[in-house]
Amino acid sequence: MNFSYTSTRDDSVKISPKQAIKKGFSDDGGLFVYPNIQDINLPIEKISSMNYREIAKLVLSKLLPDFSEAEINESVENAYKGSFDNEEITPIKSLDNFHVLELFHGPTCAFKDVGLQLLPQLMKHVLNKDNKVMILTATSGDTGKAALEGFKDVDKMGITVFYPHNGVSKVQQLQMATTTGSNTKVAAIEGNFDDAQTNVKKLFNDNKLKQRIGENVTLSSANSINIGRLIPQIVYYFDAYKQLVQNNSIKVGDPVNFTVPTGNFGDVLAGYFAKLMGLPVNKFIVASNQNNVLSKFFQDGVYDRNMPFFKTVAPSMDIQISSNFERLLYYKSEDDSNYVAKLMHDLKNNGKYKVSDNILEKIQADFYFGFSSDENIENSIKEVYQNNKYLMDPHTAAGYKVMRDYQKIDSKTPMILLSTASPYKFVDAVANAIMPDKSDDILANMHDIEAKTHVPIPENLLKVWAMPVLHKDVIKQDQMEDYVYQKVQEVFYDKD
Ligand SMILES: *Cc1c(COP(=O)(O)O)cnc(C)c1O
C-alpha cells in the first residue's frame, strides 16, 4: 500500500498524510503531492446517489489512507453538520446555458469555509498527547475569518491571524474583529498583505521563537498549500456533477467544463485532482483579474511575476505567485521533481521561468486561461443581474466573463461556474454595478441591494455590525514575534 506523499521538489521525500498535514510544506520549500493520484478511480455512477458527506468520506479515505474510518467519519460530520446554511452544502443553480456552483453557504460566506471547516478536525487526529498547535495566518481577507471560525474553540489548538491595517474590506474587517472564542487572536499589522505574509513565513523558521514557546507547541499553517485544506475542495467537483446527473442535465459519463476564479490556484487544482480521480471533465476555464500572470503564461509558457501589481475589485485574487501551480507542473512533467525544482529556482532568482513546449501543450489540453479587468467585472455583475436576476460577487463575475469568452469556442459542453463568495462581502463593487445612486454608507448599501434584488443578506454578515469588537490590536511588523509568543501563553498556559 502506498501511504506516502512526496515533495514537488525532491522525490526522495516520503511522508505520511498525517505528517504532511501537520507540517504544511516540505523542508526543501516544495509542496506535498500524492504521486499516484491518477491510479485512484472513483465510481461516478455510485457517487451519483451519494450525499455530500458520503462523497467527502470516500474522497478522504482514498487520499488520507493513514486516517482510520472512524477518524474520517468524525471529522466530516463535525465539519459540515449544521455549519452551512444549505443542506446541499454547495448547491447548484441553473441559469441560461450554464450552472452556478454556490460555494459560499458556510459560516464566513466564502468558499474557504469548505476547506477550513475540515482542516482543524483532521489536525485533531494528527496531534500526539502533549502536542499543541498554534496556527499562524496572514490574510488579505477571506482566509483569516474562515480559519478563525474553523479553529475556534478546538481543543489543543490556537489561531493567530495577521491582516494589513486598512487593507481589507469593511465587512471582512468586522468579521475578524468580532470573532469570539478563547483561542482566537487577531492583529492588524502596519504594512500590506505581502509584508504580513513574508513575516509569517519568517516566524515558521524562527528558531529563537521556537525555543521560547517550547517543543510542545508547533507552529502550523492554514493556507491552501496544506493538503488538509486542498483535499476537502475536491469533493464539491464530484458533488456538482452528481447534482447535474440528479436533475437530468447530464447522464453519467458525459463530459462537463468548470470555470474557476483563481488566485493561488488551489481551488482549480482541486478540480484537476477530481479529473485525475475519474471525474469526466473536458476543460477547466481559469479566470484571473487584472493580475493576469497565468493568462500570459498560457500564451507562451513563460511564467513572469515581474509585472505591475494591481489592487482590484476582486481582492482575494490579487496575487502574482500562484503557489499551487507548482503542483500542476509536477503532475504535467510526469512527477519530475528535479525539473520542478529547477523552475522554482528560476522563479526565485529571476522572477520568471519558461516550461518546455511539451509541458505547455499538456497544460493547454486541460486548461484555458483568461482574465477580467475591473470594468469587465462590474459589467458582468450588471449583465447577469439584468438577464438572470442573479447577483454575483466580483470574483465570480471575473469568472463569468472568461467563461463567456470560452463559450464562443465551445457552447455545447455543460458548463459549471464556481461562485466563490457572497456578493455582500464586497458591497462596494456590487453597488457600483447595480445601484446608480449608491451611498457612502456600506451597511445602508447592503440593505438597499437587498431591497432591490431580494437576495437576502446572509445573517452572519449582518450581525457583525451589532457585535462587540473584541480584537483591536494594531502592531508593527517587528512586534509580530513577541505577539505570537504572548498569544501562545494566553491560549495554552494562562487559563485558570
Ligand atoms: C481565495 C479566493 C479566490 C481564489 O482561490 P484560490 O484557491 O486562491 O485560487 C477566489 N475568490 C474568492 C472569493 C476567494 O476568497
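Relevant structure appears above.
Heads up: these notes are all about the structure in this document. (Residues numbered from 1 in each chain as written. Predicted model: local features only at pLDDT ≥ 70, side-chain atom pairs only at ≥ 80, totals over all residues. Heavy atoms only, no water.)

Side note on the overall build of the chain
Here is step 1 of the chain: The number of helices and strands found in the chain is 21 helices and 16 strands.
Here is step 2 of the chain: Its C-alpha atoms give the chain a radius of gyration of 22 Å, near enough to 23 Å, the size a compact globule of 496 residues would have.
Here is step 3 of the chain: If you line up the chain on its principal axes, its C-alpha atoms span 60 × 55 × 45 Å.
Here is step 4 of the chain: Every one of the 496 residues in the chain was classed for burial, and the buried ones make up 59%.
Here is step 5 of the chain: Relative to all contacts within the chain whose residues are 6 or more apart in sequence, the contacts with residues 24 or more apart total 75%. (Helix = DSSP H or I, 4+ residues; strand = E, 2+ residues; numbered from the N terminus. Rg over C-alpha atoms; globule rule 2.2 N^0.38 Å. Buried < 20%, exposed > 50% of the residue type's maximum accessible area, 1.4 Å probe, protein only. Contact = heavy atoms within 4.5 Å.)

Examining unusual backbone geometry
Here is step 1 of the chain: Backbone geometry at Lys156 places phi at a positive 65°, although glycine is not the residue there.
Here is step 2 of the chain: Position of Lys156 among the secondary structure elements: in the loop between helix H6 (142-151) and strand E7 (157-164).
Here is step 3 of the chain: On the basis of relative accessibility, which here comes to 30%, the residue Lys156 falls in the partly exposed class.
Here is step 4 of the chain: The backbone of Asn248 shows a phi angle near 65°, a positive value even though the residue is not glycine.
Here is step 5 of the chain: The topology assignment puts Asn248 in the loop between helix H10 (227-246) and strand E10 (256-261).

Structural notes on the environment of Phe273
Here is step 1 of the chain: Within the secondary structure, Phe273 is located in helix H11 (residues 266-276).
Here is step 2 of the chain: Along the backbone, Phe273 and Gln38 are 235 residues apart, and their C-alpha atoms lie at a distance of 8.2 Å.
Here is step 3 of the chain: Those residues in contact with Phe273 that sit more than four places away from it in its chain are Ile37, Leu230, Ile234, Arg327 and Tyr331.

Things to note about the packing of helix H5 (residues 112-124) against H10
Here is step 1 of the chain: Two elements in contact, H5 and H10, have axes separated by 8 Å at closest approach and are oriented at 130°. It follows that H5 is oblique to H10 by the angle criterion. Classified by chirality, the crossing of H10 by H5 is right-handed. Listed contacts from H10 to Lys112, Val114, Gly115, Leu116, Leu118, Leu119 and Leu122 of H5 are Gly228, Arg229, Pro232 and Tyr236. (Axes fitted to C-alpha atoms, helices over the stretch in contact; angles between N-to-C directions. Parallel < 35°, antiparallel > 145°, perpendicular 65-115°, else oblique. Left-handed = near helix turned anticlockwise from the far one by under 90°.)

Points about the nonpolar core
Here is step 1 of the chain: Counting 124 residues, the largest nonpolar core has Phe238, Phe258 and Phe325 as the members making the most contacts within it.
Here is step 2 of the chain: Counting residues per element, this core draws most heavily on H10, at twelve residues.
Here is step 3 of the chain: Not counting residues within four places of it along the chain, the set of residues in contact with Phe238 comprises Leu42, Ile44, Ile47, Ile55, Val59, Ala274, Met277 and Leu279. (Core = buried A, V, L, I, M, F, W, Y, C linked by side-chain atoms within 4.5 Å.)

Quick word on the site of the ligand
Here is step 1 of the chain: Near the ligand, the surroundings consist of 14 residues, among which Lys112, Asp142, Gly263, Asn264 and Thr420 are the closest.
Here is step 2 of the chain: When isolated, the ligand has an accessible area of 380 Å², and the protein chains bury 96% of it.
Here is step 3 of the chain: Partitioning the shell around the ligand into residue classes produces four nonpolar, seven polar and three charged. (Near = heavy atom within 4 Å. Areas by Shrake-Rupley, 256 points an atom, 1.4 Å probe, with all protein chains shown as cover. Nonpolar A, V, L, I, M, F, W, Y, C, P; charged D, E, K, R; others polar.)

A short note on the sheet that holds strand E8 (residues 184-189)
Here is step 1 of the chain: Spatially, E9-E6-E7-E8-E16 is the arrangement adopted by the five strands of the open sheet, whose pairing is parallel. Two strands in the sheet have a free side with no partner beyond their single neighbour: strand E9 (217-221) and strand E16 (474-475).
Here is step 2 of the chain: The sheet contact formed by E7 and E8 spans six bridges and is parallel. By the bridge assignment for E8, Pro164 is matched with Ile189.
Here is step 3 of the chain: Along the sheet, helix H8 (residues 193-204) makes contact with strand E6 (132-138), E7, E8 and E9, crossing E6 at roughly 155°. (Pairing = 2+ DSSP bridges.)

Topic: a negative patch on the surface
Here is step 1 of the chain: Together, Asp437, Asp440, Asp441 and Asp448 line one region of the surface with negative charge.
Here is step 2 of the chain: Within the secondary structure, Asp441 is located in the loop between helix H18 (427-434) and helix H19 (442-453). (Patch = residues over 30% accessible without salt bridge, like charges linked within 9 Å, V, L, I, M, F, W, Y side chains within 5 Å. Salt bridge = Lys/Arg side-chain N within 4 Å of Asp/Glu carboxyl O. Lys, Arg positive; Asp, Glu negative; His and termini not counted. Charge placed at Lys NZ, Arg CZ, Asp CG, Glu CD.)

Regarding the pairing of strand E14 (residues 367-371)
Here is step 1 of the chain: In terms of burial, E14 is largely enclosed, as four of its five residues are buried.
Here is step 2 of the chain: Looking at chain direction, strand E11 (residues 281-288) and E14 are connected through five bridges and run parallel. Each residue of the ladder has a partner; that of Ser288, found in E14, is Phe371.

Some details on helix H12 (residues 293-300)
Here is step 1 of the chain: Turning to H12, its buried residues are Val293, Leu294, Ser295, Phe297 and Phe298.
Here is step 2 of the chain: Those residues of H12 that are buried lie in contact with E11, strand E12 (302-304), helix H13 (325-332), strand E13 (352-354), helix H15 (357-366) and E14.
Here is step 3 of the chain: Once H12 ends, the next one or two residues include Gly301, with phi positive near 80°.

Some words on the side chain of Thr420
Here is step 1 of the chain: Mapped onto the elements of the fold, Thr420 is located in the loop between strand E15 (415-419) and H18.
Here is step 2 of the chain: Overall, the relative accessible area of 7% leaves Thr420 in the buried class.
Here is step 3 of the chain: Non-local contacts of Thr420, meaning those with residues more than four positions away in its chain, are made with Phe104, Ala110, Phe111, Pro261, Asp267, Asp393, His395 and Thr396.

Comments concerning the sheet that holds E14
Here is step 1 of the chain: Strand order in the open sheet formed by six strands is E4-E5-E15-E10-E11-E14, with mixed pairing between adjacent strands. Each edge of the sheet is formed by a strand with only one pairing partner; in this case those strands are strand E4 (92-95) and E14. For this sheet the average axis-to-axis angle between neighbouring strands, irrespective of direction, equals 25°.

Side note on the packing of aromatic side chains
Here is step 1 of the chain: Scanning the model with the defined rule gives 26 aromatic pairs in all.
Here is step 2 of the chain: When the ring of Phe25 is compared with that of Phe204, the centres are 6.5 Å apart and the planes differ by 80°; the resulting orientation is edge-to-face. In this pair, Phe25 is assigned in the loop between helix H1 (17-23) and strand E3 (32-33) and Phe204 in helix H8, connecting sequence segments 179 residues apart.
Here is step 3 of the chain: The side chain of Arg212 reaches across the aromatic face of Tyr485, ending 4.2 Å from its centre.
Here is step 4 of the chain: Here Lys389 stacks its cationic end above the ring of Tyr385, 4.9 Å away from the centre of that ring. (Phe/Tyr/Trp six-rings, centres within 6.5 Å; stacked < 30°, edge-to-face > 60°. Lys NZ or Arg CZ within 6 Å of the ring centre and 35° of its normal.)

Some remarks on the pairing of strand E2 (residues 10-15)
Here is step 1 of the chain: By the bridge criterion, two bridges tie strand E1 (residues 5-7) to E2 in an arrangement that is antiparallel. Within the sheet, the bridge partner assigned to Ser7 lies in E2 and is Asp10.
Here is step 2 of the chain: Taken together, E1 and the strand that follows it, E2, pair antiparallel across an intervening segment of two residues.

Taken by themselves, the reported measurements are silent on function.
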